[in-house]
Amino acid sequence: VATIPIMPNGTFNIGGPIVACIGSTNTYSAPYIPGAQYTWTFTEPCGNTTTILPYSSPPYLQNLTFPCAGTYVLQCNMTNDVLDCEGDATLTITVVDDFTISGPDSLCENTSGTFSALQNFLPFNCNWTTLPNVGTVSNSPNASFNFTAAGTYVITAVPAVANTSCVPSQSITVVVLPAPLQAT
């Protein structure tokens, strides 16, 4: 019994993640067809350059590293002269960065604190929660919470849109101190 691979004539799919993190290396693959020749092209937003990738072994796999955030395009052309057929594939890859949050790490009770999220130095929309619960804020780069009792609180921000950050959440701990006593 012989197994005969079917060469895609026309389009095929490139396998691999469509969302990646800055600095990560991921493996991408085209279907394995014995005797096929593979030509890979990679377009990156850092300098807007297009590169014909060097021959790799095995030729149907490519390991790619992403130096900056943005939209990358990976293309593969597969030909087989013996079977007289050819196929092409294109994969768009979105590369995202981490985000950060900032805000006060200590406050007095009965005051409010404002917290902000940034990604690549730009405001970044998040869903905000507190523990213990003093409120929530949805789909905003900023959140203000009023702390009416002394204690330790954890403010957590989760990206409002999935797959837009390399980290699933960021948190900051806030110590709320008792208000000073008023002199009588």
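Residues numbered from 1 in each chain as written. Predicted model: local features only at pLDDT ≥ 70, side-chain atom pairs only at ≥ 80, totals over all residues. Heavy atoms only, no water.

Asker: Can you walk me through the state of the cysteines in this structure?
Answerer: Here a disulfide denotes one covalent bond, and it connects the sulfur atoms of two cysteines. Applying the stated criterion across every chain, the model contains 2 disulfides. Note that C21 is cross-linked by a disulfide to C166, the S-S spacing being 2.1 Å. With the S-S bond torsion at -130 degrees, the cross-link from C21 to C166 turns out left-handed. Of the two residues, C21 sits in strand β2 (residues 19-21) while C166 sits in the loop between β16 (151-159) and β17 (170-177), which places them 145 residues apart along the sequence. For C46, the disulfide goes to C68, at an S-S distance of 1.8 Å. Between C46 and C68, the S-S dihedral sits near -105 degrees, and the bridge is therefore left-handed. (Disulfide = S-S within 2.5 Å. Helix = DSSP H or I, 4+ residues; strand = E, 2+ residues; numbered from the N terminus.)

Asker: Quick question: what am I supposed to make of the environment of F66 here?
Answerer: Along the chain, F66 turns up in the loop between β6 (61-65) and β7 (70-80). In sequence terms F66 and T130 are 64 residues apart; their C-alpha atoms lie 34 Å from each other.

Asker: I'm lost on the pairing of strand β14 (residues 137-140) in this one. Help?
Answerer: Both faces of the sheet carry side chains from a regular strand, because those side chains alternate between them. With 2 bridges connecting them, strand β13 (residues 126-131) and β14 associate as antiparallel partners. In the strand pairing of β14, C126 is matched with S140. Between the end of β13 and the start of β14, which pair antiparallel, lie 5 residues, with G135 showing a positive phi angle near 140 degrees. (Pairing = 2+ DSSP bridges.)

Asker: Just checking my understanding: could you explain the packing of aromatic side chains for this structure?
Answerer: Here a ring pair, both rings aromatic, is described through the centre-centre distance and the interplanar angle of the planes. Tallying each qualifying case throughout the model produces 9 aromatic pairs. With 5.1 Å between their ring centres and 35 degrees between their planes, F99 and F124 make a pair best called tilted. Pair noted here: F99 is in the loop between β8 (85-96) and β9 (100-102) and F124 is in the loop between β12 (122-123) and β13, with a separation of 25 residues, a long-range link. Comparing F99 with F124, the two get one shared label, buried. Aromatic ring contacts, followed pair by pair, group Y28, F42, F66 and Y72 into a single cluster. (Phe/Tyr/Trp six-rings, centres within 6.5 Å; stacked < 30°, edge-to-face > 60°. Buried < 20%, exposed > 50% of the residue type's maximum accessible area, 1.4 Å probe, protein only.)

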